[in-house]
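Fold and geometry: a report
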Amino acid sequence: MVEARSLSARGGRILLYAILIAFAAFYLTPLIVVILNSFRSFQEITQTSVLGFPKEFRLDNWVQAWGSYCIAGICSGISPYMWNSLLIAVPATLISTLLGAMNGYLLSLWRFRGAGLIFGIITFGVFLPAQMKLVPWAITLRDLGLSNTLAGLVLIHVVQGMSFTTLFCRNYYVNVPQDLIKAAKVDGAGFLQIFWRIILPLSPPILIVTVIWQFTGIWNEFLYGITFSEGSARPVTAALMALSANIAQAREYGIESASVLIAALPTLLVYLFGGKYFVRGLTAGAVK
């Protein structure tokens, strides 16, 4: 009887693993196809199909994708657009995280009338579709003279990101003991002193979460990039769209595949090196 149960449990486990492997293979198939095509020549792909193993691994696609392939008439590959995305994502991530931390600190530890209403208004931006904000942002950027500039996209992502960062930080700081703040006030510490010397040293778990969340979200954002930028001011996601929409020449699937993989590397590296801290930060914020 015990042996039969053991065999039944083993069979169930094998079936479970088989289903999980099948789902994983199905999910990873597009990525595997893109990786393989990035090492295949144009002739090989056109003579066979986009599905196939490289007869010879070639790095030509990667070299051209980075530095010489023409995108919307600019023959410099995706490298300039990668730098554009970095110049957008890094400052927007840092500024929105800092502002979100200060908002969360103010709304959770400095009680005042209307704090709940203000928190609700700020976080309401989380639930608004991005398409609803295109016209207001177009008017704002026009009036500020920031249309088709990297600074304009930084401004958009800072304002948009504050909803998320305020939500995360406020829910984390609300569990900080009020007695800690009262003791600091008794010792003569002011608003900013308490924030810099007490709150920030307690904040690495949630700040890591917000930095990873913001950086990946801004790097992968597409709608604002393609709407409010053009030419050499595009972020990499908008450049990839222009690359795939190029109908003036035959589709270079190998170069397009290499470009997609290069563009995905920063966020992939962020999750590889910071993923465990992301999970720890979410857990700390949940059970603190």
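So, here is what we can say about the structure in this document. (Residues numbered from 1 in each chain as written. Predicted model: local features only at pLDDT ≥ 70, side-chain atom pairs only at ≥ 80, totals over all residues. Heavy atoms only, no water.)

1. Topic: the packing of aromatic side chains
Under the convention used in this document: Pairing of aromatic rings covers Phe, Tyr and the six-membered ring of Trp, with a centre-to-centre limit of 6.5 Å; geometry is then stacked below 30 degrees between planes, edge-to-face above 60, and tilted otherwise. Only DSSP runs of H or I covering at least 4 residues are called helices, and only runs of E covering at least 2 are called strands; the numbering of each starts at the N terminus. Burial classes follow relative accessibility: with a 1.4 Å probe on protein chains only, a residue under 20% of its type's maximum area counts as buried, one over 50% as exposed, and anything between as partly exposed. Charges are assigned to positions over rings by a cutoff of 6 Å between ring centre and Lys NZ or Arg CZ, combined with an angular limit of 35 degrees from the ring normal.
For the coordinates displayed, the defined rule picks out 13 aromatic pairs. Here the aromatic rings of Tyr105 and Phe191 are separated by 4.8 Å at their centres, their planes lie at 45°, and the arrangement is tilted. You can see Tyr105 sitting in helix H4 (residues 79-109) and its partner Phe191 sitting in helix H9 (residues 191-199), a full 86 residues away along the chain. Ring plane angle 40° and centroid distance 5.3 Å describe the contact between Tyr105 and Phe195, whose orientation is recorded as tilted. Here Tyr105, found in helix H4, pairs with Phe195, found in helix H9; they are 90 residues apart in sequence, far enough to count as distant. Among the residues examined, Tyr105 registers a relative accessible area of 0% and is labelled buried. Judged by its relative accessible area of 0%, Phe195 falls in the buried class. Grouping aromatic residues by their ring pairs yields a cluster made of Tyr105, Trp110, Phe191, Phe195 and Trp196. Above the ring of Phe119, the side-chain terminus of Arg170 is found at 4.6 Å from the ring centroid.

2. Some words on the packing of helix H6 (residues 134-144) against helix H7 (residues 150-173)
Note the cut-off: Each axis is a line fitted through C-alpha atoms, and for a helix only the stretch in contact is used; angles between axes span 0 to 180 degrees, taken between their N-to-C directions. The labels follow the angle: roughly parallel below 35 degrees, roughly antiparallel above 145, roughly perpendicular from 65 to 115, and oblique for the rest. Left-handed describes a crossing whose near helix is turned anticlockwise from the far helix through less than a right angle; right-handed describes the clockwise counterpart. In this description, contact between two residues means that some pair of their heavy atoms is separated by no more than 4.5 Å. All amino acids are sorted into three groups, where Ala, Val, Leu, Ile, Met, Phe, Trp, Tyr, Cys and Pro are nonpolar, Asp, Glu, Lys and Arg are charged, and the leftover types, Gly among them, are polar.
Running from N to C, H6 and H7 cross one another at 130°; their axes reach a closest spacing of 11 Å. By the angle between their directions, the pair H6 and H7 is classed as oblique. By crossing handedness, the relation of H6 to H7 is classed as right-handed. Residues Trp137, Leu141 and Leu144 of H6 form the contact with H7, whose own contacting residues are Gly152, Leu155, Ile156, Val159 and Gln160. A per-class count over the contact of H6 with H7 returns six nonpolar, two polar and no charged.

3. Some details on a nonpolar patch on the surface
Heads up, the condition is: Exposure above 30% relative accessible area and no salt bridge define the residues that can form patches, which grow by joining like charges within 9 Å and nonpolar side chains of Val, Leu, Ile, Met, Phe, Trp and Tyr within 5 Å. For the area figures, the Shrake-Rupley method with a 1.4 Å probe applies, and any residue is considered shielded solely by the protein chains shown. We define a salt bridge as a contact between a side-chain nitrogen of Lys or Arg and a carboxyl oxygen of Asp or Glu at a distance within 4 Å.
On the surface, Tyr27, Leu28, Leu31, Ile32 and Ile35 cluster together into a nonpolar patch covering about 500 Å² of accessible area. If you trace the backbone, Leu31 turns up in helix H1 (residues 2-37). With a relative accessible area of 43%, Leu31 lands in the partly exposed category.

4. Quick word on the side chain of Thr93
Mapped onto the elements of the fold, Thr93 is located in helix H4. Thr93 has contacts with Val211, Gln214, Phe215 and Ile218, leaving out every residue within four places of it along the chain.

Shape is all these values report; function is a separate question.
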